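One-letter residues, chain by chain:
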Amino acid sequence: MLKKIRIAAGCLSLLAVTLLFLDLSGIARHYWGWMAKIQFIPALLSMNILAILFLIALTLLLGRVYCSVICPLGIYQDVIIRLRSWFGVPRKKQKNRFGFSPAWRRVRLTVLTCFAVLLILGLITATAAAFAGLLEPYSAYGRIASQIFAPGYDWLNNCLAGWSAAEGNYMLTPVSIIITVPVLVVAVITLAVVTAMAWRGGRDYCNIICPVGTILGYMSRYALMRPMIDTSRCNGCRKCERNCKARCINGKEHKIDHTRCVACMDCIDNCSTGAIRYTWRRGRSLSGARPAAGKVDDAGRRAFLLTGGMVAGAMAVKASTEGDGVLAAIRQKKAPLRKTPIVPPGSKGLLHLGSHCTACQLCVRACPEGVLRPSTGLDTFMQPRLEFTDAYCRPECTACSQVCPAGAILPLDTALKSSTKIGRAVVDLDLCISANGQFCGNCSRQCPSGAISMVPADPEQPERKLMPVVNDELCIGCGACEYNCPVGTAGIIKSSDHSAIHVEGIEIHREL
């Protein structure tokens, strides 16, 4: 039953996390958005103490069940392993799929050290945090779901919406399919690497590359409950070793490397003599023989202490930093080259977002207006930025702040969102229609904060020429003016492919 419970819980977790990235209605994020917030690294970055204590207690009690039941990338690997058993391995060889392998301790600790250094440096520069997100398992799966699974889901939604509209039913709404090529490339490479490693070597990715697997692995060495081998019952068939997806059972020596065991319970299910049981850890093995002491135990103890020190250090450093009547677009407007990028309200500013964001893309998928896009810049690669070519950031919307699991975008209500300044509007009078003799005033009419006024360009002839002037004390940087400006879309100014008014971000957000 342990294996069946693990499979059922893992399937529900994978489905829930995947739906967070596919959901177009917001229902999934409302009911089980907490699944993203109990992922280990996002909980660590957001200082979600309850989630961190829960995961640590769970690991010290039951072992690495996180990797088999909660982590979406780990559960995805189990899916690939199961598909391999169905289609990739001849039936006669299915009972000899794997085998014991070395622990790769140096590689694991090297990857973990690099990851921890990047997380700590990320508190100073966003570049480090962006690249640390490449190794974080939840964020890696998020990019796969948002860039590979979600476009197909959106395309299917649009097909069904078109068909239902033809039948007179308008319950489904077409959505824009947004694909960012650099992020898609990263997602495809990640998916290919994880799939290939799972198909060939089971949980090798978790036990060689994944930093969370290494952290929890050395914690699980001291778990109160774990699989143990009763040598008095073992007949030496080594069936458990050949079917262990973590490749951590040495059947010849009757040993289990608990730093790599993911508590999948497959060994218990495969043992015909009942020699392997999931039971309380004891000072002696089930047969009564004391485990041999040596370099392996010493290395594991040192690795556990090193891992704990890195996690505690990262936490310490983290704690010390603390429908609107618009004009229809005739052609695609291009985003301007901003001196300072615009980051979402609730992120406090560039440094806070850069030091916490692991680029999981959940906020990008949650944004109902589609103004959040992954950055393609090297210094903030894949982290969210606001672009107003297709919509603007509505003051009443707080979707991104409600879903961020890593604390990069903090929760805020509508009132605070409406009064948070994330940028300032800048007018290019050379491109502005009104400033060049034709009256427009669209930016002034559409500004939700009333920050733009149309004033006479020539005091002597006030009725002939008006130009927009921005009150910087009222502007919040929502982008309504940039989006609604007809320049760049209607071909009024043929030399321009972007708006005559655009928003420049500010490094530190402030409340008006």
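Residues numbered from 1 in each chain as written. Predicted model: local features only at pLDDT ≥ 70, side-chain atom pairs only at ≥ 80, totals over all residues. Heavy atoms only, no water.

Taken together, the side chains of Trp-155, Leu-156, Leu-160, Leu-172, Ile-177 and Ile-179 define a hydrophobic patch exposed on the protein surface, amounting to about 560 Å² of accessible area. Mapping Leu-172 onto the fold places it in the loop between helix H10 (137-166) and helix H11 (181-201). The partly exposed category is assigned to Leu-172, whose relative accessible area is 37%. (Patch = residues over 30% accessible without salt bridge, like charges linked within 9 Å, V, L, I, M, F, W, Y side chains within 5 Å. Areas by Shrake-Rupley, 256 points an atom, 1.4 Å probe, with all protein chains shown as cover. Salt bridge = Lys/Arg side-chain N within 4 Å of Asp/Glu carboxyl O. Helix = DSSP H or I, 4+ residues; strand = E, 2+ residues; numbered from the N terminus. Buried < 20%, exposed > 50% of the residue type's maximum accessible area, 1.4 Å probe, protein only.)

With that out of the way, let us pick up the confidence of the model for the chain. Keep in mind that low pLDDT regions are not for reading the predicted coordinates in detail. Taken over all residues, the pLDDT of the chain has a mean of 84, while the share at 70 or more is 84%. Within the model, the stretch residues 283-297 combines pLDDT values under 50 with 20 contacts to residues more than four positions away or in other chains. Confidence drops under pLDDT 50 across residues 316-330; counting only partners more than four residues distant or on other chains, this segment forms 24 contacts. (pLDDT = per-residue confidence, 0-100. Contact = heavy atoms within 4.5 Å.)

The final tally for this structure, using the stated rule, is 19 salt bridges. The partner of Glu-253 in a salt bridge is Lys-255, and the shortest N-O contact between them spans 3.8 Å. Relative accessible area serves as the criterion here: at 47%, Glu-253 is assigned to the partly exposed category. Overall, the relative accessible area of 41% leaves Lys-255 in the partly exposed class. The salt bridge partner of Arg-373 is Asp-390, with a shortest N-O separation of 2.9 Å. Residue Arg-373 is located in strand S5 (residues 372-374), and its partner Asp-390 is located in the loop between strand S6 (384-386) and helix H19 (399-403); the two are separated by 17 residues in the primary sequence. Looking at Asp-390, the relative accessible area reads 38%, which means it is partly exposed. Residues joined in a network through salt bridges with shared partners are Lys-3, Arg-6, Asp-78, Arg-203, Lys-245, Asp-266 and Asp-269.

Inspection of the entire model under this criterion finds three aromatic pairs. Between Phe-21 and Tyr-138, the ring centres sit 6.2 Å apart and the planes meet at 45 degrees, which makes this aromatic pair tilted. Remark: Tyr-138 occurs in helix H10 and Phe-21 occurs in helix H1 (residues 2-22); sequence separation between them is 117 residues. Neither Phe-21 nor Tyr-138 differs from the other in exposure class; each is buried. Ring geometry for Tyr-392 and Tyr-483: centres 6.3 Å apart, planes at 35 degrees, overall tilted. Remark: Tyr-483 occurs in helix H22 (residues 480-484) and Tyr-392 occurs in the loop between S6 and H19; sequence separation between them is 91 residues. (Phe/Tyr/Trp six-rings, centres within 6.5 Å; stacked < 30°, edge-to-face > 60°.)

Glancing now at the packing of helix H8 (residues 105-121) against helix H13 (residues 211-220). Following both chains from N to C, one finds H8 and H13 inclined at 115 degrees, their axes separated by 9 Å at the closest point. Viewed along their axes, H8 and H13 adopt a mutual orientation that is roughly perpendicular. Helix-helix and strand crossings are classified by hand; for H8 and H13 the assignment is left-handed. When H8 is examined against H13, the residues Arg-105, Arg-108, Leu-109, Leu-112 and Phe-115 are found in contact with a partner set consisting of Pro-211, Gly-213, Thr-214, Ile-215 and Tyr-218. For the contact of H8 with H13, the residue count by class is six nonpolar, two polar and two charged. (Axes fitted to C-alpha atoms, helices over the stretch in contact; angles between N-to-C directions. Parallel < 35°, antiparallel > 145°, perpendicular 65-115°, else oblique. Left-handed = near helix turned anticlockwise from the far one by under 90°. Nonpolar A, V, L, I, M, F, W, Y, C, P; charged D, E, K, R; others polar.)

Let's shift gears to helix H5 (residues 49-62). The terminal C-alpha atoms of H5, which comprises 14 residues, lie 20 Å apart, in line with the 20 Å expected from a rise of 1.5 Å per residue. Of all the residues in H5, the buried ones are Ala-51, Ile-52, Leu-55, Leu-58 and Thr-59. The arc enclosing the buried residues of H5, seen along the axis, measures out at 135 degrees, which places them on a common side. The exposed set on the far side of H5, more than 90 degrees from its buried face, consists of Leu-50 and Leu-53. (Expected span 1.5 Å × (residues − 1). Arc of directions from axis to C-beta.)

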